[in-house]
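Read off the chains here:
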Amino acid sequence: MRHTISHTLRRASLNAGTYTRLLSTSPQVPPLNTVVLLGSTREKRIGHRVGQYLVSRLDERGGHNVTVLDPRTTGDGFFMKLMEKAHFHYKEHETIPPILDETADILRAADCFVVCTPEMNHTIAPGLTNMMNYFGSAVYSKKPS
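Predicted model only: the values in this text are computed from it and were never measured.

*Asks:* Give me the pattern of salt bridges: which residues, what numbers.
*Replies:* Opposite charge on two side chains lets them pair, provided their charged atoms get close. The tally for this structure, following the rule as stated, stands at four salt bridges. With its nearest N and O atoms 2.6 Å apart, the salt bridge here joins Glu60 to Arg57. Pair noted here: Glu60 and Arg57 are both in helix H1 (residues 47-61), with a separation of three residues, about one helical turn. On the basis of relative accessible area, Glu60 is assigned to the exposed category, the value being 58%. Note on Arg57: relative accessible area 42%, which makes it partly exposed. Residue Lys85 pairs with Glu94 through a salt bridge whose shortest N-O separation is 2.7 Å. According to the relative accessible area criterion, Lys85 is partly exposed, its value standing at 26%. Under the relative-accessibility criterion, Glu94 is labelled partly exposed at 28%.

Put into C-alpha cells, the structure is as follows:
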C-alpha cells in the first residue's frame, strides 16, 4: 500500500500491504491498538486513499497504534483467494498458514476496529467479507468498531 504519510512506518512481518505505526500519545495513557480494515480490492480502487486519510486523521488525533489490513496486499494477496478453511477450524496437529496466525494475533490485540469499505450491491465488499470470515467472532467481540 503506497502512502503519503511523512512518518516512518514500522513494517509488520506480513508484507508491505500491512503495516503498524505508533502514533503520538500521552505518556500517561497507553495508545489504542487500532486496526483499519480496508474493503476495496478492485484494481482502480480509491479505498486505500481513504484508508490513508483515516490513518492521517488518527495521527493528528494521537493515541493510536494503527495497523492496516488490506485484503488485496496483506500476505501477498492471501485473502483474495477463495477461503478453503477458516483459522478456527484448524486442529492442533494441522499446519496453519503463518499469515492466518499473524493476522489473528493482530486482530486479537486490537482495542478497536475502523472498517473502510465501499458499498457493493447493497452489502460490504467481498474481499473484506472473505478476510474477516477467516476469523471467529471472538476476535472481534467486545471491541468498538
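Having seen the structure, we can now continue with the description.
*Asks:* Please set out the packing of aromatic side chains residue by residue, giving values where relevant.
*Replies:* Applying the stated criterion across every chain yields a total of six aromatic pairs. With centroids separated by 5.5 Å and ring planes inclined at 45°, the aromatic side chains of Phe78 and Tyr134 adopt a geometry described as tilted. On the criterion of sequence distance, the pair formed by Phe78 in the loop between strand E4 (64-69) and helix H2 (98-109) and Tyr134 in the segment after helix H3 (126-133) is long-range, its members being 56 residues apart. For the residue pair Phe78 and Tyr134, the accessibility class agrees, reading buried in each case.

Cut-offs applied
Residues numbered from 1 in each chain as written. Predicted model: local features only at pLDDT ≥ 70, side-chain atom pairs only at ≥ 80, totals over all residues. Heavy atoms only, no water. Salt bridge = Lys/Arg side-chain N within 4 Å of Asp/Glu carboxyl O. Helix = DSSP H or I, 4+ residues; strand = E, 2+ residues; numbered from the N terminus. Buried < 20%, exposed > 50% of the residue type's maximum accessible area, 1.4 Å probe, protein only. Phe/Tyr/Trp six-rings, centres within 6.5 Å; stacked < 30°, edge-to-face > 60°.

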